Amino acid sequence: MITELYILDRNKKIVCILSNQTGEKVFYDYTYTSYLETGAEIFNFSVILNNDIEKYIKNMNYVLFKRKDKIKMFQIKEYSDDEIINSTVRTVKSEFIGLELYEDSVRESIIEGNIRKVLETILQDTSYEIGYISPKLDDVIGTIEIEKPTPIYSAIQQCIPIFKNIEIEFDFELINSINGKYRKIINIYADGERGRKTYKRFDYDFNTYGSSRDGDAIEFCSGLIPVGSNGIGIKEIEWYKANGFPLDKPLGQDFIVDPEAHDMFSNEGKYILKPYETNDSNPSELIWNAYYKLQELKKEKYTYDIPIYLTEEEYDDIEIGDTVYIVNDKFYPSIQLEARITELQLSDNRENNKAIFANYKEVRSNIKNLDRDSIINEAIKKINDIGIGLSLIHI
């Protein structure tokens, strides 16, 4: 739980401290939302105004708090004042300060190299520095083309697909709070690397509700036509399952098809083909990457919006990017899956806590039901496996 907010002036010096406990400087009704896909964060809260607070809770000032030993810093962008019975409440909306990189631009250029080199070039005239970069990305080379003056934040976001869906974290370290000095850091994780594999289990029974599951087949296709850099294709590649490849692709054919996807759905017997464009310059890498992409596109995609019911300890532990288990038997078919938290909203009001999960994997065989009958049946099975133990139970 967030217990203290530090209000900073425009020079990032502390001017006020708010508490979520009783007193004259109390904040409440807060929501802290983080997004895995972009690294963005939002923080909103309310405070009862008095003369002392009003002069500090204003646009362009900063809000800072600590969560799990990490500093979170936001800039106030909007507020609204509403009268209640005997006072006035100010509702504040703030954005994480990484968005200040919208205010600086990268000029026209072509930047080639690994993500470290690209970021060093993009960030060279800013106050941001590079922190952690996943070793998995050292040998991943990409090219970013800046065709016109582009906000630095937008240029960083362009790097996400180019470097295989990297995950970005904006971090801050305190140097001197009196002088308003902080290190601004950008950490880069490989796809799927941010967060922890806690495998925390979220169970939903008939005392909880509000989950939703959305499925779409908008991007469905049964085959891909891969096109790499300089227009290279895969006509010269020959694949046969008999030789250990995952599917058949005759020499001279410029596309790959997944027979399972074609059997599931076709356009009056015809393949449903889509172009797949990438920066790959090697036909062998191109066809493999197209194959992996096809495995994603041939399936109906699901996203889940699931309210989370947390104890205070669980609330303090959960993080964006964490891999968890979700079990909900009220759906047909039931939801039993492993997923990553891609959007996380935390609040002092438990009803406003929610998480959006994606990148899920069905793990029905690995997740055990914890209802009474399942526990008893599993115990009996273990006893049967022991053999002699069964006769002891019957005595």
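Reading guide: rules and limits
- Residues numbered from 1 in each chain as written.
- Predicted model: local features only at pLDDT ≥ 70, side-chain atom pairs only at ≥ 80, totals over all residues.
- Heavy atoms only, no water.
- Pairing = 2+ DSSP bridges.
- Helix = DSSP H or I, 4+ residues; strand = E, 2+ residues; numbered from the N terminus.
- Contact = heavy atoms within 4.5 Å.
- Axes fitted to C-alpha atoms, helices over the stretch in contact; angles between N-to-C directions.
- 1 Å grid on protein atoms, 1.4 Å probe; cavity = no way out; pocket = protein on both sides within 12 Å on 5 of 7 lines; lining within 4 Å.
- Points joined across faces, edges and corners; volume = space filled by probe spheres on them.
- Nonpolar A, V, L, I, M, F, W, Y, C, P; charged D, E, K, R; others polar.
- Core = buried A, V, L, I, M, F, W, Y, C linked by side-chain atoms within 4.5 Å.
- Buried < 20%, exposed > 50% of the residue type's maximum accessible area, 1.4 Å probe, protein only.
- Salt bridge = Lys/Arg side-chain N within 4 Å of Asp/Glu carboxyl O.
- Lys, Arg positive; Asp, Glu negative; His and termini not counted.
- Polar contact = N/O pair within 3.5 Å; in protein donor to acceptor, adjacent residues only side chain to side chain.
- pLDDT = per-residue confidence, 0-100.
- Parallel < 35°, antiparallel > 145°, perpendicular 65-115°, else oblique.
- Patch = residues over 30% accessible without salt bridge, like charges linked within 9 Å, V, L, I, M, F, W, Y side chains within 5 Å.
- Areas by Shrake-Rupley, 256 points an atom, 1.4 Å probe, with all protein chains shown as cover.

Turning to the sheet that holds strand β18 (residues 256-257), a few remarks are in order. Taking strand neighbours across the sheet as the criterion, the 3 strands line up as β18-β17-β19 in an open arrangement whose pairing is mixed. The strands lining the two open edges of the sheet, one partner per strand, are β18 and β19 (273-277). Each of β17 (223-227), β18 and β19 touches helix α5 (residues 283-297); the most contacted strand, β17, lies at about 145° to it.

The sheet built from 3 strands is open, its strands ordered β10-β14-β13 with mixed pairing. Looking along the sheet, the strands with just one partner apiece sit at the ends: β10 (128-133) and β13 (167-176). Here the average twist between neighbouring strands, direction ignored, is 30°. Two strands pair when backbone bridges link them, and β10 and strand β14 (residues 181-189) are joined in this way by 4 bridges, in the parallel orientation. If you follow Glu-129 over to β14, its bridge partner there is Ile-185. Sitting on the sheet, helix α2 (residues 115-122) touches β10 and β14, and the angle it makes with β10 is about 170°.

Right, let's get into the environment of Ile-17. Locating Ile-17 in the fold gives a position in strand β2 (residues 14-19). Remark: the alpha-carbon pair of Ile-17 and Phe-27, spanning 10 residues in sequence, is separated by 9.8 Å. Not counting residues within four places of it along the chain, the set of residues in contact with Ile-17 comprises Glu-4, Leu-5, Tyr-6 and Lys-25.

Let us look at the layout of surface pockets. Roughly 250 Å³ of volume is contained in the second largest pocket. Taken together, 14 residues form the lining of the second largest pocket, with Lys-70, Lys-72, Glu-169, Arg-194 and Glu-319 sitting closest to its centre. A class-by-class count of the residues in the lining of the second largest pocket yields 4 nonpolar, 2 polar and 8 charged.

In this structure, Leu-18, Phe-43, Phe-45 and Ile-122 are the most contacted members of the largest nonpolar core, which totals 78 residues. Excluding its chain neighbours within four sequence positions, the residues that come into contact with Ile-122 are Val-106, Ile-111, Ile-144, Ile-152, Ala-155, Ile-156 and Cys-159. If you look at the next biggest cluster of nonpolar residues, it comprises 17 residues, including Phe-220, Cys-221, Leu-247 and Ile-256.

This part covers the pattern of salt bridges. In total, this model carries 20 salt bridges according to the counting rule given. With a shortest N-O distance of 2.7 Å, Glu-173 and Arg-183 are connected by a salt bridge. Here Arg-183 lies in strand β14 and Glu-173 lies in strand β13, a separation of 10 residues in the sequence. A salt bridge links Asp-258 to Lys-298; the nearest nitrogen and oxygen atoms lie 3.1 Å apart. Separated by 40 residues along the polypeptide, Asp-258 in the loop between β18 and α4 (259-264) and Lys-298 in the loop between α5 and β20 (301-307) bring together distant segments of the chain. Lys-298 carries the same exposure label as Asp-258, and that label is buried. One network of salt bridges, with partners in common, ties together Lys-68, Arg-196, Asp-317, Glu-319 and Asp-322.

With respect to the helices and strands, the residue Lys-249 is situated in the loop between β17 and β18. The buried charged residue Lys-249 lacks any salt bridge partner; its closest oppositely charged side chain belongs to Asp-254, at an N-O distance of 7.9 Å. There is a polar contact of 2.7 Å between the side chain of Lys-249 and the backbone oxygen of Ile-234. Contact partners of Lys-249, with chain neighbours within four places excluded, come to Ile-234, Lys-235, Ile-237, Glu-238, Trp-239, Phe-255, Ile-256 and Ile-287.

Mean pLDDT over the protein stands at 86; residues scoring 70 or higher make up 90%. Every residue in residues 364-376 is under pLDDT 50, and counting partners more than four places away or in other chains gives 19 contacts. Counting interchain partners and residues more than four positions distant, the pLDDT-below-50 stretch residues 386-395 has 4 contacts.

Glancing now at unusual backbone geometry. In the Ramachandran plot, Met-60 falls in the positive-phi region, its phi being about 80° despite a non-glycine side chain. With respect to the secondary-structure elements, Met-60 resides in the loop between α1 (51-54) and β5 (62-67). Classification of Met-60 as partly exposed rests on a relative accessible area of 33%. Look at Lys-68: it is not a glycine, yet its phi comes out positive at around 50°. Among the secondary structure elements, Lys-68 is positioned in the loop between β5 and β6 (70-83).

Let's shift gears to the packing of α2 against helix α3 (residues 152-162). Axis separation between α2 and α3 bottoms out at 11 Å; the angle between their running directions is 170°. Compared by their axis directions, α2 and α3 come out roughly antiparallel. When α2 is examined against α3, the residues Ile-115, Val-118, Leu-119 and Ile-122 are found in contact with a partner set consisting of Ile-152, Ala-155, Ile-156 and Cys-159. Residues belonging to the contact of α2 with α3 are distributed by class as follows: 8 nonpolar, no polar and no charged.

Turning to a nonpolar patch on the surface, a few remarks are in order. A cluster of nonpolar residues, Tyr-28, Ile-48 and Ile-84, forms a patch on the protein surface that exposes about 230 Å² of accessible area. Ile-48 gets classed as partly exposed once you look at its relative accessible area, which sits at 37%.

With respect to burial, strand β21 (residues 323-328) is a largely interior element, 6 of its 6 residues being buried. Burial along β21 is two-sided: the face carrying Thr-323, Tyr-325 and Val-327 and the face carrying Val-324, Ile-326 and Asn-328 are both buried. Direction of pairing for strand β15 (residues 197-204) relative to β21: parallel, over a ladder of 6 bridges. Residue Lys-197 lies in a different strand from β21, and its bridge partner there is Thr-323. Where β21 lies against strand β22 (residues 335-347), 6 bridges are found, and the strand directions are antiparallel. Across the sheet, residue Val-327 finds its bridge partner in β22, namely Gln-336. Hairpin connection, β21 to β22: the antiparallel pair is bridged by 6 residues.

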